[in-house]
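Understanding the architecture of this molecule
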Amino acid sequence: MKNTRFSLQLHHIMLVIAFIFTSNQIQASPLIDLLKALVGQPVFKQSDLYTTQDDIIIPTYDDIQLHANIFVPTSGLTYYPTVIFINSWGLDEYEYLTEAANFAEQGYIVLSYSTRGFGDSQGKIATAGEQDLQDVSAVIDFLIANYPIDEDKIGLAGVSYGSGISLLSAAHESRVSAVAAMSTWGSLTGSLYGQQTPRLIWGALLTGLGYLTGDPSDEIAQNYIGLLKQENINEITQWADLRSPLHYINELNQSGTPIYLSNNFGDNLFQPNSVLTLYEALTTPKLLDLNQGTHAVGEVLGMGNSQHHVWKNVHAWFDHWLKGEQNGIINKKPVEMEVKFGQYEQFDSWPTANISQTTLYLHEKEFDGDGDMKSTPYAPWWPKTDTVYSGLDTFATTGIPLLSYITEDYLSLPILSSMSLISSINAIRWESDWLNETLELRGINKILLNVTPSSDKALLVAYLYDVNWAGIGTLITHAPYTILNATPNEEMVIDIDLVATAYDVPKGHYLALVIDTADILYSPPTTSLYNFKINYAEGINNTLTLSHK
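Everything numeric in this text was worked out from a predicted model, so none of it was measured.

1. Focus: the overall build of the chain
- Counting its secondary structure elements, the chain contains 14 helices and 24 strands.
- On C-alpha atoms alone, the chain measures out to a radius of gyration of 24 Å, which is about the 24 Å that the 2.2 N^0.38 rule sets for 549 residues.
- The C-alpha extent of the chain, read off along each of the three principal axes, is 85 × 45 × 45 Å.
- Counting only residues that meet the buried cut, the chain has 61% of its 549 residues in that class.
- For the chain, long-range pairs separated by at least 24 residues make up 77% of all intrachain contacts whose partners lie at least 6 apart in sequence.
- Counting only carbon and sulfur atoms, one obtains 52% of the accessible surface of the chain, whose full area is about 21200 Å².
- Of the charged side chains in the chain, 27 are positive and 60 negative, and the gap between their average positions amounts to 3 Å.

2. Topic: the environment of Gln-343
- Checked against the element boundaries, Gln-343 lands in the loop between strand E9 (335-338) and strand E10 (344-347).
- The class for Gln-343 is exposed, based on a relative accessible area of 64%.
- Spatially, the C-alpha atoms of Gln-343 and Asn-291 are 9.8 Å apart, while their sequence positions differ by 52 residues.
- In contact with Gln-343, other than residues within four places in its own chain, are Met-337 and Glu-338.

3. As for the environment of Asp-393
- Take Asp-393: it is sitting in the loop between strand E13 (384-389) and helix H14 (403-411).
- Residues Asp-393 and Thr-82 lie 311 residues apart in sequence; the distance between their C-alpha atoms is 51 Å.
- Beyond its immediate stretch of four places on either side in the chain, Asp-393 contacts Asp-516, Ala-518 and Asp-519.

4. What to know about the packing of helix H7 (residues 200-213) against helix H8 (residues 218-229)
- H8 packs onto H7 with a crossing angle of 165 degrees between their chain directions and a minimal axis gap of 10 Å. One way to sum up the angle between H7 and H8 is to call them roughly antiparallel. In this structure, H7 meets H8 at a crossing whose hand is left-handed. Side by side, H7 and H8 meet where Leu-200, Gly-203, Ala-204, Thr-207 and Tyr-211 of the first sit next to Ile-220, Ala-221, Tyr-224 and Leu-228 of the second.
- Classifying every residue of the contact of H7 with H8 gives seven nonpolar, two polar and no charged.

5. Some words on the pattern of salt bridges
- Applying the stated criterion to the full structure yields 19 salt bridges.
- Notably, a salt bridge pairs Arg-116 with Asp-135, separated by 2.7 Å at the nearest N-O pair. With Arg-116 in the loop between strand E4 (109-113) and helix H4 (130-146) and Asp-135 in helix H4, this residue pair connects regions lying 19 residues apart in the sequence.
- Taking the relative accessible area as the measure of exposure, Arg-116 reaches 1% and is therefore buried.

6. Quick word on the pairing of strand E6 (residues 178-182)
- Most of E6 sits inside the fold, with five of its five residues counted as buried.
- Residues Ala-178, Ala-180 and Met-182 point to one face of E6 and Val-179 and Ala-181 to the other, with burial holding for every one of them.
- In this sheet, E6 lies alongside strand E5 (residues 149-159) in parallel orientation, the contact comprising five bridges. The partner of Leu-156 across the bridge, within E6, is Val-179.
- On the question of chirality, the crossover connecting E5 to the parallel E6 by way of helix H5 (residues 161-172) is right-handed.

7. Description of the side chain of Ser-262
- One can find Ser-262 in strand E7 (residues 259-264).
- Judged by its relative accessible area of 0%, Ser-262 falls in the buried class.
- Apart from the residues lying within four places of it in its own chain, the contact partners of Ser-262 are Ala-181, Met-182, Ser-183, Thr-184, Asp-289, Asn-291, Glu-299 and Val-310.

8. Structural notes on unusual backbone geometry
- Geometrically, the link from Trp-350 to Pro-351 is a cis peptide bond, its omega value of 0 degrees lying close to zero.
- Of note, Gln-230 is a non-glycine position whose phi angle comes to about 55 degrees, a positive value.
- On the secondary structure map, Gln-230 appears in the loop between H8 and helix H9 (233-241).
- One non-glycine residue, Phe-341, adopts positive backbone phi at about 65 degrees.
- With respect to the helices, strands and loops of the structure, Phe-341 is situated in the loop between E9 and E10.
- Looking at Phe-341, the relative accessible area reads 43%, which means it is partly exposed.

9. Observations regarding the packing of aromatic side chains
- A complete count under the given rule lists 19 aromatic pairs for this structure.
- Ring geometry for Phe-347 versus Trp-350: centroids 5.6 Å apart, planes at 80 degrees, classification edge-to-face. Each member of the pair, Phe-347 as well as Trp-350, carries the same accessibility label: buried.
- By the ring-pair criterion, three or more aromatic residues cluster together here, those being Phe-85, Tyr-96, Phe-103, Tyr-108, Trp-311 and Phe-318.
- Sitting above the plane of the Tyr-279 ring, Lys-286 keeps its charged end 4.2 Å from the centroid.

The rules we used
- Residues numbered from 1 in each chain as written.
- Predicted model: local features only at pLDDT ≥ 70, side-chain atom pairs only at ≥ 80, totals over all residues.
- Heavy atoms only, no water.
- Helix = DSSP H or I, 4+ residues; strand = E, 2+ residues; numbered from the N terminus.
- Rg over C-alpha atoms; globule rule 2.2 N^0.38 Å.
- Buried < 20%, exposed > 50% of the residue type's maximum accessible area, 1.4 Å probe, protein only.
- Contact = heavy atoms within 4.5 Å.
- Areas by Shrake-Rupley, 256 points an atom, 1.4 Å probe, with all protein chains shown as cover.
- Lys, Arg positive; Asp, Glu negative; His and termini not counted.
- Charge placed at Lys NZ, Arg CZ, Asp CG, Glu CD.
- Axes fitted to C-alpha atoms, helices over the stretch in contact; angles between N-to-C directions.
- Parallel < 35°, antiparallel > 145°, perpendicular 65-115°, else oblique.
- Left-handed = near helix turned anticlockwise from the far one by under 90°.
- Nonpolar A, V, L, I, M, F, W, Y, C, P; charged D, E, K, R; others polar.
- Salt bridge = Lys/Arg side-chain N within 4 Å of Asp/Glu carboxyl O.
- Pairing = 2+ DSSP bridges.
- Right-handed = clockwise from strand over helix to strand, strands pointing away.
- Phe/Tyr/Trp six-rings, centres within 6.5 Å; stacked < 30°, edge-to-face > 60°.
- Lys NZ or Arg CZ within 6 Å of the ring centre and 35° of its normal.

Have a look at this one:
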């Protein structure tokens, strides 16, 4: 057995936490097999329907060795459709053993490999760069030369890191026939630095995992530190753009490769907005799932469960495009959204005519400490301002990183805040009227603010809440926005896109929009104290635009 790199890593923690909370919802055997694989004791399920081989060595164009394993059906066909699994960040070739066995039982050759720098594969981590794409081509060359694969029926699949490499390869490798990209991204730039805000917790976790579990190139830490310092941003974003499927949308569309996309509304690593943009831009056959939960947990824990929503669609996607089965996957509505604490809904397209926009206007803060959100513009007799001061975080929060979104998804424990406890000095809050009917939010809600920052740098974090009669708010969505290179004490207009959501606000509740200056998920642009003013005047509108059914 191989001597795999082992350390306590993010995915281990996620799996153990999820197992504690969901042991009655997850099939025990696949989970135990997965945990064994993660600690270097992979379990290959035995079957008369296929053979397995470990210790596969694949040479690359630059003479490094990629380590892999393979499942080969025993039915005696001349050629077989093939699925290539690509590992998640920090994991290796044994991540997908349970699903590889399932696909092999259904007549697929299945090869899983460790990308360069991870597992026992040689080389430095290339972070979905050109070397990784050339490695995919080397893997396909190896399969064609050594196994009875159908060269016209090759699928790529992966969760997280492996999903991005799969999508990028579809834009560059003509032999890819279909892709299943789970917990994926559309723009790596937007994921790492969306709205000019560095991702503090997720960036630290990814960078740390690279060093704990692999052999990272120097640029990984350099780029992360550069983002935190707001230095060399042009170079870093160019680097990230080259690793973004959206950057190659023309090549993807020209390839015509059928693409299945899956992402999660609570994914604060690859937030779903850029995946929606990618889906909209694709003209290839396509299917999109937006699920509840956080990054990769649902897809990883769902392996081996034939009724798991995402994996069920992955199997149907490949069965249609690689085996020609008429299973209805291309006839279903192509966009599915899981409503928080609810069921999946289907849409014919995205954007869709089924979604409307309603604008609420933000009114000046009153004596009770909050402002109103009304359907009519606010036009005071004379210009007015509300001021928010930095220096302290507030009880407006995205919760405990990783854990809150796991417990929210599996235990239906929402992220709560008491509106009365949110500081009126270090935050500002606007509240809507009580709702006369259920408000079905779907998609990306947007904020427009007229602000005057006291500094050239400032962080604004916006939170949208569903508030009940007791003043307890359930977090619906949020977003950060970093002001850079502003002229101090000069008015400016900013647009904030909140993270996409699917959420039903019940009748009899109301909406609250909160903005403060700190959240543990995001890196502040300065440690100096500052404030910003919200400006109100006739002809100047501050708004929240809701996207809803």
